[in-house]
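Examination of the molecular architecture
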Amino acid sequence: MRAYPTPLARLMEELEKMPGVGPKSAQRLALYLLEASRDDCQALANAIVEMKDRIHPCTLCFNFTDDELCPICADPQRDGSALCVVSDVRDLLAMERAGGFRGRYHVLGGLISPMDGVGPDTLRVRELLERVRTGALKEVVLATNPTVEGDATALYLAGLLKPLGVRVTRIALGLPVGGDLDYADDVTIARAMSGRTEL
Ligand SMILES: [Zn+2]
């Protein structure tokens, strides 16, 4: 880092903390910003801080929003009888990219993983059960990743949801075992959704 003036080195250090950004990419981005106008740099800095200040979880589904409800929960065109349970917002976005699901979502905030000390209590399970009890839901689709943790979480939730009289299904077909929804292509996710099975 001796080759860089301190402010440049500091920016590169911050950029390198980001996912997918190694030393080379950090240098490229930093040099790009160095040559960009001060206005453009200020706009970027403002956008980052404004995002931090304004984005929070949707009060209903825990998707990101700058309002009380996220655009999906607030959309009257969405099917209020189907709920898709996902681990995190990245998976929700992957589902939306793939299209095909017209219901609403519930973001758990992780998957049950005893090895990592994540039990049901640390996830938004209570909120999910509350939604199923009070809502007009007919079907809950468990769209957790096809991994050990994703399967364990889906089985656990199915055990709690089925006694509530709701149809519980699990996406499966087409997704590679051990895979990650966020990395699956749209067609695979769409097929997994249409081929979901009863739990
Ligand atoms: Zn929402």
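Throughout, a residue's number is its position along its own chain's written sequence, starting from 1. For this predicted model, a pLDDT threshold of at least 70 governs which residues receive local features, and a threshold of 80 or more governs which side-chain atom pairs are given and counted, while totals over whole chains, interfaces and linings are taken from all residues. In computing side-chain properties, one takes all heavy atoms of the structure into account and sets aside hydrogens as well as water.

1. Thoughts on unusual backbone geometry
The backbone phi angle of F62 is positive, close to 75 degrees, even though this residue is not glycine. Put simply, DSSP marks the helices as runs of H or I at least four residues long and the strands as runs of E at least two long, and each gets a number from the N terminus on. Mapped onto the elements of the fold, F62 is located in the loop between strand 1 (56-57) and strand 2 (64-65).

2. Some remarks on the coordination of the zinc ion
Metal sites are built from N, O and S donor atoms within 2.8 Å, or 3.2 Å for Na, K and Ca, and they leave out water, so they may look incomplete. Looking at the zinc ion, the protein donor atoms are C58 (SG), C61 (SG), C70 (SG) and C73 (SG), and they sit 2.3 to 2.4 Å from it. In this scheme the shape depends on donor count and angles: four donors with every angle between 85 and 135 degrees give tetrahedral, four or six donors with opposite pairs above 155 degrees and others between 65 and 115 give square planar or octahedral in turn, and any other case is irregular. Between the four donor atoms coordinating the zinc ion, the angles at the centre fall across 102 to 120 degrees, so the site counts as tetrahedral. Read N to C, the donor residues that coordinate the zinc ion are spaced as C-x2-C-x8-C-x2-C. Placement of C61 in the loop between strand 1 and strand 2 and of C73 in helix 4 (residues 71-74) is noted, with a sequence separation of 12 residues between them. The pair formed by C61 and C73 is uniform in burial state, with each residue classed as buried. Buried means the residue's accessible area, taken with a 1.4 Å probe over protein chains only, is under 20% of the maximum for its type, while exposed means over 50%, and partly exposed covers the values in between.

3. Considerations on the sheet that holds strand 3 (residues 82-86)
By this definition, two strands are paired if DSSP reports at least two bridges between them. In space, the five strands of this open sheet follow the order 4-3-5-6-7, with mixed pairing throughout. Two strands bound the open sheet, and with one partner strand each, they are strand 4 (104-107) and strand 7 (197-198). Of the pairings in the sheet, the one linking strand 5 (residues 139-142) to strand 6 (residues 167-170) comprises four bridges and is parallel in character. Bridge assignment links V141 to a residue of strand 6, and that residue is T169. Contacts: residue pairs with any heavy atoms within 4.5 Å of one another. Fitting a line to C-alpha atoms yields each axis, with helices limited to the stretch in contact; the angle taken between N-to-C directions then spans 0 to 180 degrees. Relative to the sheet, helix 5 (residues 89-98) contacts strand 3 and strand 4, its axis offset from that of strand 4 by approximately 160 degrees.

4. Re a nonpolar patch on the surface
Each patch groups residues whose relative accessible area exceeds 30% and which form no salt bridge, using 9 Å between like charges and 5 Å between nonpolar side chains of Val, Leu, Ile, Met, Phe, Trp and Tyr. The Shrake-Rupley method, run with a 1.4 Å probe sphere, supplies the accessible areas, and residue values consider only the shown protein chains as cover. Definition used for salt bridges: Asp or Glu carboxyl oxygen within 4 Å of a side-chain nitrogen of Lys or Arg. There is a patch of nonpolar side chains on the surface, built from L44, I48, V49, M51, I55 and F64 and spanning about 540 Å² of accessible area. At four residues, helix 3 (residues 38-54) tops the list of elements feeding residues into the nonpolar patch. You can call L44 partly exposed: its relative accessible area is 40%.

5. A short note on the pattern of salt bridges
Summed over all chains, the structure comprises nine salt bridges. Between D88 and R90 there is a salt bridge, and its shortest N-O distance comes to 3.3 Å. Of the charged contacts, one joins R133 and E130 as a salt bridge, the two residues approaching to 3.8 Å between their closest N and O atoms. You can see R133 and its partner E130 sitting in helix 6 (residues 125-134), three residues apart, about one turn around the helix. Shared partners join several salt bridges into a network, and the residues in it are E50, R54 and D66.

6. Overview of helix 7 (residues 148-161)
Expected helix span is given by 1.5 Å per residue-to-residue step, counting one fewer step than there are residues. Helix length check: helix 7, at 14 residues, gives a terminal C-alpha distance of 20 Å against a target of 20 Å (1.5 Å per residue), a fit within 8%. Listed in full, the buried residues belonging to helix 7 are G150, T153, A154, L157, A158 and L161. Relative to the axis of helix 7, the buried residues are bounded by an arc of 135 degrees and lie together on one face. Counted as exposed and oriented over 90 degrees from the buried face of helix 7: V148 and L155. At its buried positions, helix 7 is contacted by strand 3, helix 6, strand 5 and strand 6. As used here, the arc belongs to the directions running from the helix axis to the C-beta atoms.

7. Things to note about the packing of helix 6 against helix 7
Helix-helix packing is described using two parameters, namely the angle between the two axes and the distance between the axes. Following both chains from N to C, one finds helix 6 and helix 7 inclined at 40 degrees, their axes separated by 11 Å at the closest point. One finds that helix 6 runs oblique with respect to helix 7. Judged by the twist between their axes, the crossing of helix 6 over helix 7 is right-handed. Together, V125, L128, L129 and V132 of helix 6 and Y156, L157, L160 and L161 of helix 7 make up the contact between the two elements. Classification used: nonpolar for Ala, Val, Leu, Ile, Met, Phe, Trp, Tyr, Cys and Pro, charged for Asp, Glu, Lys and Arg, polar for all others including Gly. Partitioning the contact of helix 6 with helix 7 into residue classes produces eight nonpolar, no polar and no charged. Any angle between 65 and 115 degrees counts as roughly perpendicular, while under 35 counts as roughly parallel, over 145 as roughly antiparallel, and the rest as oblique. Throughout, a crossing is termed right-handed when the near helix is turned clockwise from the far one, and left-handed when it is turned anticlockwise from it by less than a right angle.

So, to be careful, I would describe these as geometric facts and stop short of saying anything about function.
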